[in-house]
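# A structural walkthrough
Residues per chain, in single letters:
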Amino acid sequence: MGPEIKKIGVLTSGGDSPGMNAAIRSVVRTCAYMKVDCVGIYRGYQGMIEGDFKPMDARSVNNIINKGGTILKSARCDEFRTPEGRKMAYDQLRAEGIDAFVVIGGDGSFHGAMKFNEEYHFPIIGIPGTIDNDIFGTSNTVGFDTAMNTVVDVIDKIRDTASSHNRLFFVEVMGRDVGHIALNAGVGAGAEEILIPEENRGLERLLESLKRSKKSGKSSSIVVVAEGDKIGKSVFELKEYVEEHLPIYDVRVSVLGHMQRGGAPSCYDRVLASRMGVKAVESLLEGQTNFMVGVQNNKIVLTPISKAIKGHTKIDKELLRVSEIMTT
């Protein structure tokens, strides 16, 4: 254990994701186990700049492992993007006696932490918390599994009404740049078609697929659309296009939005967050810095934050092939 680290801060930044509270709990309790002080930093980097700190012990994280969102709150902070803002944050950390911090968040949060480390050589470790699963260096981010389960549950309910009324539903899910939620949930919910940013399949292919579904006897269909899909400008434009070219379909749109971020985290996300929190604190105490904790082949690993930011996650080609076969 490095004697120089006696107090560790923990913050959540960027968009919230289910399992963030489990990660906070893990960091706090690992600090308690290691006899290191822990401080909660409220409202992300904004709270760091303003000195919104609160000491946390093992009991202060009771009964939060099952809760969605983040008890430390999250906020966007343009001020932290400036050298002046980061200097204010550094001064607040030093005044509080914080020697290192764990940041739970996504790409933007890691960018900020890496810049802060470059300027002040301040020890930091990242835990990937985002439902999009778009961070390089980990097969799963905290919150991704829960979001998928939420989407599948909702699509199952939508299918009930689609079947009752012989309707076609476009279900838009989150995924501005990546289609991990759409692809996995689409396969899991038995969608007739899945549209993702990585595969621009064109409007004609969509029409052909829907025509085949109709000919094969399907009276209703579900099409899962990632919000970043490139086929149409929006899911509503897709609806209008299909209605114009396939008037036999009664088309409806359901945009799932932020419900995908809410809810109690799945068992997988709770366990993953707990494992990552332990590794984050242990890594700091071992003198590691500027790393992100990830999971690969079910092993907890460290990836340099610079690689996690610059790398690109790839869509699962095998699952893509499975989806094509399943939508036959």
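None of these values were measured; they are calculated from a predicted model.

The rules behind the values
Residues numbered from 1 in each chain as written. Predicted model: local features only at pLDDT ≥ 70, side-chain atom pairs only at ≥ 80, totals over all residues. Heavy atoms only, no water. Pairing = 2+ DSSP bridges. Helix = DSSP H or I, 4+ residues; strand = E, 2+ residues; numbered from the N terminus. Axes fitted to C-alpha atoms, helices over the stretch in contact; angles between N-to-C directions. Parallel < 35°, antiparallel > 145°, perpendicular 65-115°, else oblique. Left-handed = near helix turned anticlockwise from the far one by under 90°. Contact = heavy atoms within 4.5 Å. Nonpolar A, V, L, I, M, F, W, Y, C, P; charged D, E, K, R; others polar. Buried < 20%, exposed > 50% of the residue type's maximum accessible area, 1.4 Å probe, protein only. Expected span 1.5 Å × (residues − 1). Arc of directions from axis to C-beta.

### Re the sheet that holds strand E8 (residues 221-226)
Spatial ordering of the open sheet is given by E7-E8-E6-E9, a layout of four strands whose pairing is parallel. Either end of the sheet is taken by a strand with one partner, and the two such strands are strand E7 (193-195) and strand E9 (250-255). Taking the axes of each pair of neighbouring strands and ignoring which way they run, one obtains an average angle of 20 degrees across the sheet. Here strand E6 (residues 167-173) runs beside E8; their pairing, made up of six bridges, is parallel. What sits directly across from Val173, in E8, is Ala226.

### Examining the packing of helix H6 (residues 180-188) against helix H11 (residues 317-326)
At a minimum axis separation of 10 Å, H6 and H11 run at an interaxial angle of 40 degrees. Put simply, H6 runs oblique to H11. For the crossing formed where H6 meets H11, the hand is left-handed. For the pair formed by H6 and H11, the contact residues are Leu183, Asn184 and Val187 on the first element and Leu319, Leu320, Val322 and Ser323 on the second. The class makeup of the residues in the contact of H6 with H11 is five nonpolar, two polar and no charged.

### Details of the sheet that holds strand E10 (residues 291-296)
Spatial strand order, E3-E2-E1-E4-E5-E10-E11: seven strands in an open sheet with mixed pairing. Whereas interior strands pair on both sides, the edge strands pair on one side only; in this sheet they are strand E3 (53-56) and strand E11 (299-304). The mean angle between the axes of side-by-side strands here comes to 30 degrees, regardless of whether they run parallel or antiparallel. Judged from the six bridges that link them, E10 and E11 form a sheet pairing that is antiparallel. Of the residues in E11, the one forming a bridge with Val293 is Leu302.

### Some words on the packing of helix H1 (residues 20-33) against helix H9 (residues 267-285)
In contact at an axis separation of 7 Å, H1 and H9 are set at 40 degrees when each is read in the N-to-C sense. Classified by the interaxial angle, the pair formed by H1 and H9 is oblique. Both H1 and H9 take part in a crossing whose hand is right-handed. Listed contacts from H9 to Ala22, Ala23, Ser26, Val27, Thr30 and Cys31 of H1 are Arg270, Ala273, Ser274, Gly277, Val278 and Val281. By residue class, the composition of the contact of H1 with H9 is seven nonpolar, four polar and one charged.

### Things to note about the environment of Glu282
Tracing the backbone through its elements, the reader meets Glu282 in helix H9. A sequence separation of 115 residues divides Glu282 from Arg167, and the C-alpha atoms of the two residues are 53 Å apart.

### Thoughts on unusual backbone geometry
At Asn63, a residue that is not glycine, the phi angle is positive and equals roughly 60 degrees. Within the secondary structure, Asn63 is located in the loop between E3 and helix H3 (83-96). Phi is positive for Asn133, close to 60 degrees, though the residue is something other than glycine. Within the fold, Asn133 resides in the loop between strand E5 (124-128) and helix H5 (144-165). Classification of Asn133 as buried rests on a relative accessible area of 7%.

### Here's the deal with H3
The terminal C-alpha atoms of H3 lie 20 Å apart, and with 14 residues this matches the ideal 20 Å at 1.5 Å per residue to within 8%. Regarding H3, the residues found buried are Gly85, Arg86, Ala89 and Leu93. Looking straight down H3, one finds its buried side chains confined to an arc of 95 degrees; they lie on one side. Counted as exposed and oriented over 90 degrees from the buried face of H3: Glu84 and Ala95. Next to the buried residues of H3 lie strand E2 (37-41), helix H2 (44-50), E3, strand E4 (100-105) and helix H4 (107-120). Positioned one or two residues after H3, Gly97 has a phi angle of 80 degrees, which is positive.

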